[in-house]
Amino acid sequence: MTHSQFLIQKNIWKASCFYDSRSERLAEIEEFLVSDIFKNIEKSLEKEIYISLWGDWLFVFIAKLAHQKSKQILWINFWNLWFLVQEKDIFQKEKIEFIIKKYPILKAIIKFDDLNQKVWYAFNEVYITRTWDATSLELEIAHLWKKVKNFRWDGLMISTPSGSTWWSRSYSWIILPHNANLNILTPIWTIFPVNFKSLVLADKWRIYIKHLSKRKNAVDVLLDNKRILANEEQDFEIIIERDEKYVEVLVEKDNLAMFNAKVYVEQGMEFCN
């Protein structure tokens, strides 16, 4: 079963609200949708938008849907309702003001040959990894300058700034502010070259990755933790680049400072408002 099978979509005037039917906070979410706080939010919307209610996986899923449909998205996280909406002040305002923050999307083109290719999109990361019964990957990597080098790793991750705060961070590598015009290439369990660490790439760089199957290694490819290829042994190429279109995320104006500081707060730094 996929996450989308449990997705509830409720259309309320200008907002298409999405939430998970399995959520343990289902009653709280449905109560919120008829509350004064929600009515005040909706009254302040200038156009039709998507609202993602609770859950990181849901936000990533709906963010990519918003990208596809050219919609703006508002995320209200019920663990921290203030995350993108400043709850304590919202009742006192006649009109809520939203700021648009643009999030990049990675476009990944997977090619087996010129006639067999498919385009996928990632909000956080593209992850190439060996299967459990395979030896290390042998990858051929080139960037915009077409300098090619072979690498042997257990895995490879290309992250957007938003992906860097979780996936790259989990491997103790580089973390980027959300608005950085950069991506990160991070090796997992480096074998060769042994001294290779994370590489920060300009967002305009196009990355070419070839899976070399001469060692008969099976490979998995995941985008935002969704498996796109599994136990793949054939030669294939992945071309990764920033999509021209961004995901537009709405942030409540008075909460903008906290929003911008989020990446630093996650690292244990103190936020002074």
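Residues numbered from 1 in each chain as written. Predicted model: local features only at pLDDT ≥ 70, side-chain atom pairs only at ≥ 80, totals over all residues. Heavy atoms only, no water.

Observations regarding the packing of aromatic side chains
Step number 1: In this structure the tally under the stated criterion is eight aromatic pairs.
Step number 2: Taking 5.7 Å as the distance between ring centres and 70° as the angle between the ring planes, the aromatic pair formed by Phe 32 and Phe 38 counts as edge-to-face.
Step number 3: Phe 32 sits in the buried class, given a relative accessible area of 7%.
Step number 4: Considering the side-chain rings of Phe 59 and Trp 75, the 4.5 Å spacing of their centres and the 15° angle between planes classify their relative orientation as stacked. Separated by 16 residues along the polypeptide, Phe 59 in helix H3 (residues 56-69) and Trp 75 in strand S4 (residues 72-76) bring together distant segments of the chain.
Step number 5: Residue classification places Phe 59 among the buried positions, given a relative accessible area of 7%.
Step number 6: For Trp 75, a relative accessible area of 8% corresponds to the buried category.
Step number 7: What links up through ring pairs into an aromatic cluster is the set Phe 59, Trp 75, Tyr 103 and Phe 123. (Phe/Tyr/Trp six-rings, centres within 6.5 Å; stacked < 30°, edge-to-face > 60°. Buried < 20%, exposed > 50% of the residue type's maximum accessible area, 1.4 Å probe, protein only. Helix = DSSP H or I, 4+ residues; strand = E, 2+ residues; numbered from the N terminus.)

A closer look at the environment of Val 60
Step number 1: Counting through the fold element by element, Val 60 comes out in helix H3.
Step number 2: On the basis of relative accessible area, Val 60 is assigned to the buried category, the value being 14%.
Step number 3: Non-local contacts of Val 60, meaning those with residues more than four positions away in its chain, are made with Phe 123, Asn 124 and Asp 224. (Contact = heavy atoms within 4.5 Å.)

Overview of H3
Step number 1: Compared with an ideal rise of 1.5 Å per residue, which puts 14 residues at 20 Å, H3 spans 20 Å between its outermost C-alpha atoms and is within 8% of the ideal.
Step number 2: Burial in H3 covers these residues: Leu 58, Phe 59, Val 60, Ile 62, Ala 63, Ala 66 and His 67.
Step number 3: On its buried face, H3 sits against strand S1 (7-12), strand S2 (15-20), strand S3 (49-53), S4, strand S7 (116-122) and strand S17 (247-252).
Step number 4: Following H3 by one or two positions, Ser 70 has its phi on the positive side, about 60°. (Expected span 1.5 Å × (residues − 1).)

Here's the deal with the pattern of salt bridges
Step number 1: Applying the stated rule across the entire model yields 10 salt bridges.
Step number 2: Between Glu 28 and Arg 25 there is a salt bridge, with its nearest N and O atoms 3.1 Å apart.
Step number 3: The residue Asp 154 makes a salt bridge to Arg 130 at a minimum N-O spacing of 3.1 Å. Of the two residues, Asp 154 sits in strand S10 (residues 148-159) while Arg 130 sits in strand S8 (residues 125-130), which places them 24 residues apart along the sequence.
Step number 4: Here Asp 154 falls in the buried class, since its relative accessible area comes to 17%.
Step number 5: Note on Arg 130: relative accessible area 23%, which makes it partly exposed.
Step number 6: Linked through salt bridges whose partners overlap, the residues forming this network are Lys 107, Arg 206 and Glu 241. (Salt bridge = Lys/Arg side-chain N within 4 Å of Asp/Glu carboxyl O.)

Quick notes on unusual backbone geometry
Step number 1: Although it is not a glycine, Asp 224 sits at a positive phi angle of roughly 50°.
Step number 2: In this structure, Asn 225 is a non-glycine residue whose phi angle is positive, near 70°.
Step number 3: Relative to the assigned elements, Asn 225 resides in the loop between strand S14 (219-223) and strand S15 (226-232).

Read these as layout, nothing more, since geometry by itself doesn't imply function.
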